Amino acid sequence: MVSMEIRKGEANAGPVRRGEKRPGDIERRARDSVARAIDIGRLDYERSRHLPRLIPVGPEEVADGSLLGRRSILAKLSRALRAERNRGRAGHWTYDLNRHIGLHQAYAAEQRLLKQSS
C-alpha cells in the first residue's frame, strides 16, 4: 500500500505520494535558495574585496563613494548582470552561476548603499 499525504497550504492539491515532487516544486525551491543566498551575500558585501573580482574596475573607482561613482558602478553591474543572464539563457558554456549570484549580491548591496547615501 502506498502512503499518501495532503500538503498543507495547497488548495485543491490532492494527495501526493511520499517523496513525489509536484511540477514546479524543485524550481520554486531553487529560486528560494538563490534568493536567500543573494540576501545573505548582500549583507556581507565588501566593495574593495568583491567588486574587482566581478567587473573591471580600478582602485580609484572602488574608492569613489560619491553619488556619481555609485551610479557608475551600478550601471557597470547592471550591464554585467544582463550579459551573464543572456549567457545563462543561451546555455553558453562560459555561464557561471556563482558569478551570476555574486553580481546580484553586489548589485543589491550597491543599491542599498546608494539609498543610504542619498
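Up top is the structure these notes are about.
This report concerns the structure included in the present document. Because the structure is a prediction, the values reported are computed rather than measured.

Let us look at the overall build of the chain. Helix and strand counts for the chain stand at 5 helices and 2 strands. Starting at the N terminus, the α and β elements of the chain follow one another as β-β-α-α-α-α-α. For the chain, the proportion of its 118 residues judged to be buried stands at 27%. Long-range contacts, defined as pairs at least 24 residues apart, comprise 43% of the intrachain contacts of the chain with a sequence gap of at least 6. With an accessible surface of roughly 8400 Å², the chain has 53% of that area assigned to carbon and sulfur atoms.

Now for the packing of helix α4 (residues 67-90) against helix α5 (residues 97-117). Taken N-terminus to C-terminus, the directions of α4 and α5 make an angle of 155°; their axes are 9 Å apart at the nearest point. By the angle between their axes, α4 is roughly antiparallel relative to α5. For the crossing formed where α4 meets α5, the hand is left-handed. Between α4 and α5, the contacting residues are L67, R70, R71, I73, L74, L77, S78, A80, L81, E84, R85 and R87 on the first element and R99, H100, L103, H104, A106, Y107, E110, Q111, L113, L114 and S117 on the second. Residues that form the contact of α4 with α5 fall into these classes: 11 nonpolar, 5 polar and 7 charged.

Let's shift gears to the nonpolar core. One finds L51, I55, V57, L77 and L103 to be the most contacted residues of the largest nonpolar core, which totals 13 residues. Where this core is concerned, the elements lending two or more residues are α2 (47-54), α4 and α5. If you tally residues by element for this core, the top one is α4, at 4 residues. If near-sequence neighbours (up to four positions away) are discounted, V57 is found in contact with L51, P52, V62, I73 and K76.

Moving on: helix α1 (residues 25-43). Here α1 is 19 residues long and its end C-alpha atoms lie 28 Å apart, about the 27 Å a rise of 1.5 Å per residue gives. Taken together, the buried positions of α1 are occupied by D25, I38 and G41. The elements touched by buried residues of α1 are α5.

With respect to the helices and strands, G41 occurs in helix α1. With 65 residues separating them in the primary sequence, G41 and A106 have C-alpha atoms 8.0 Å apart.

Taking 1.5 Å per residue, 24 residues should reach 34 Å; α4 reaches 35 Å between its end C-alpha atoms and fits that length. Taken as a whole, α4 has its buried residues at G69, R70, I73, L74, L77, A80, L81 and E84.

Here the focus is the pattern of salt bridges. Summed over all chains, the structure comprises 9 salt bridges. The shortest N-O distance in the salt bridge between E84 and R99 comes to 3.0 Å. Highlighted residues: E84 in helix α4 and R99 in helix α5, separated in sequence by 15 residues. Judged by relative accessible area, R99 falls into the partly exposed class, the value being 24%. One network of salt bridges, in which partners are shared, links D25, R28, R29 and D32.

Conventions and cut-offs
Residues numbered from 1 in each chain as written. Predicted model: local features only at pLDDT ≥ 70, side-chain atom pairs only at ≥ 80, totals over all residues. Heavy atoms only, no water. Helix = DSSP H or I, 4+ residues; strand = E, 2+ residues; numbered from the N terminus. Buried < 20%, exposed > 50% of the residue type's maximum accessible area, 1.4 Å probe, protein only. Contact = heavy atoms within 4.5 Å. Areas by Shrake-Rupley, 256 points an atom, 1.4 Å probe, with all protein chains shown as cover. Axes fitted to C-alpha atoms, helices over the stretch in contact; angles between N-to-C directions. Parallel < 35°, antiparallel > 145°, perpendicular 65-115°, else oblique. Left-handed = near helix turned anticlockwise from the far one by under 90°. Nonpolar A, V, L, I, M, F, W, Y, C, P; charged D, E, K, R; others polar. Core = buried A, V, L, I, M, F, W, Y, C linked by side-chain atoms within 4.5 Å. Expected span 1.5 Å × (residues − 1). Salt bridge = Lys/Arg side-chain N within 4 Å of Asp/Glu carboxyl O.

By themselves, these figures tell us nothing about what the structure is for.
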